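# Topology and contacts: notes
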Amino acid sequence: MSNPTIESADDRVPPLSLPAGSLSRSDRRYGYEVGVDPPDIEPIEHQIRLDFINGERIRSDHLLSDYNHWTYDADDPSTDPWLRGPAKPNGLQLAEESCLYRVKEEERFFECPEDSAVIADAPVYLAAQLEEVREHDDTESALEKARERRVNWYRESIPGKNLYQILKKSSYGTLISGGKGPSLATAALTEDNVFEGTVVVSEDTDPKKYARQQNLPEEFVYRESEFTHADSDPAPSIVDFGIELPAPLLIGCFVNGSRYPFIPWGDGLTCSCPYKHDQAWRVMCKHELLASNICGFESSSIFIPSVRGIDIPHRERRFVSPEIVATHRPTTN
Ligand SMILES: [Zn+2]
């Protein structure tokens, strides 16, 4: 089955062929292979993005100065680094609640690992894990181990090793260096960090020549090798996602000088930076946190606003799955 294609409103812009892994799971053309394709966007990732979109804007005075994840223990509330530090941002509180809620929601998959109708609803990675469990000699203990790993991911790794890590002055702080306090307008955030609409061409295409042929502004036509992740091992290339070049794509240009494409994937977008892809269990990088903040305060929507460049189709700016938006109910206790 051929990939669906999105035509751009501007006929100078090439169409985007959406890879099978970028589609909604309810689309019959959806396809994803665990361990072969770049990490999927798990439902919790979409939920965390929504939590940060709905939460207050993250300021410098929310961020941790020094934090070592080895000191964090999910079973010991006194190790929460925000307890003695700055006020915990409410987006993070919502995200932590969402993680705990998912633990409860996923119990049914561990109760009926043999029931393919139930497992069909499980996130793809978990479904693959449960399939492995079924092939195990000692199914019961394999199932228990898989459950422990999953619960540990939600309770310990996502907050302690990922979200708290990026909410440090040395991480997210490098993107909002001008933001000293609550009075600073969000405008500064989007002046320093810009999302632009671009066309990315293959390595054997001359971007300037292509721009002239298509009558596109040449400053917004790139080769992938011009982006920051190009020389970095953990980062998959655009082609690894199954995207055919030339393709219209949204690029994040950040105040610290890095530039990363946001790739249509898992019914949303994923940042192509090495931090995100170095460890498949990471659910958010600082660039995606920034995108959530900008979505929340610039447009209050699930679309990342593109402030300059080429007019690209909406699908390339849609950061969160509409299906998750329809069902996610953020709560804090
Ligand atoms: Zn990133």
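The notes below deal with the structure included here.

Conventions we followed
- Residues numbered from 1 in each chain as written.
- Predicted model: local features only at pLDDT ≥ 70, side-chain atom pairs only at ≥ 80, totals over all residues.
- Axes fitted to C-alpha atoms, helices over the stretch in contact; angles between N-to-C directions.
- Helix = DSSP H or I, 4+ residues; strand = E, 2+ residues; numbered from the N terminus.
- Parallel < 35°, antiparallel > 145°, perpendicular 65-115°, else oblique.
- Left-handed = near helix turned anticlockwise from the far one by under 90°.
- Contact = placed C-beta atoms within 7 Å.
- Nonpolar A, V, L, I, M, F, W, Y, C, P; charged D, E, K, R; others polar.
- Core = buried A, V, L, I, M, F, W, Y, C linked by C-beta atoms within 7 Å.
- Buried ≥ 20, exposed ≤ 12 C-beta atoms within 10 Å, placed from the backbone.
- Pairing = 2+ DSSP bridges.

## What to know about the packing of helix α1 (residues 43-54) against helix α2 (residues 90-105)
For the pair α1 and α2, interaxial distance at closest approach is 8 Å and the crossing angle is 150°. Between α1 and α2, the angle is such that the two are roughly antiparallel. Handedness of the crossing formed by α1 with α2: right-handed. In this structure, α1 contributes I44, Q47, I48, D51, F52 and N54 to the contact, and α2 contributes G91, L94, A95, S98, C99 and R102. Of the residues assigned to the contact of α1 with α2, the class counts are six nonpolar, four polar and two charged.

## Considering the nonpolar core
Counting 68 residues, the largest nonpolar core has L163, L167 and Y172 as its most contacted members. Beyond its immediate sequence surroundings of up to four residues, Y172 is in contact with I58, L63, I166, L167, K286 and L289.

## Some thoughts on the pairing of strand β6 (residues 259-265)
Counting buried residues along β6, six of its seven residues qualify, which places the element largely inside the surrounding structure. Judged from the four bridges that link them, strand β5 (residues 247-253) and β6 form a sheet pairing that is antiparallel. Across the sheet, residue L250 finds its bridge partner in β6, namely F262. Hairpin geometry of β5 and β6 is characterised by an intervening segment of five residues between the two adjacent antiparallel strands and by a positive phi of about 100° at G257. Sheet topology note: the β6/strand β7 (residues 268-271) ladder contains four bridges and is antiparallel. Note that in β7 the partner of P264 across the bridge is L269. If you look at the hairpin formed by β6 and β7, you'll find two residues sitting between the two strands, and G266 has a positive phi there, around 45°.

## Considerations on the environment of Q214
Within the secondary structure, Q214 sits in helix α8 (residues 207-214). Among the residues examined, Q214 registers 18 C-beta atoms within 10 Å and is labelled partly exposed. With 201 residues separating them in the primary sequence, Q214 and V13 have C-alpha atoms 7.6 Å apart.

## A few points about unusual backbone geometry
Between L245 and P246 the backbone carries a cis peptide bond, its omega angle lying at 0°. You can see P246 is positioned in the loop between β4 (221-223) and β5. Here N215, not a glycine, exhibits a phi torsion of approximately 60°, which is positive. With respect to the helices and strands, N215 occurs in the loop between α8 and β4. Phi angles above zero are rare outside glycine, and D267 is one such case at about 70°. As for its placement among the helices and strands, D267 is situated in the loop between β6 and β7.

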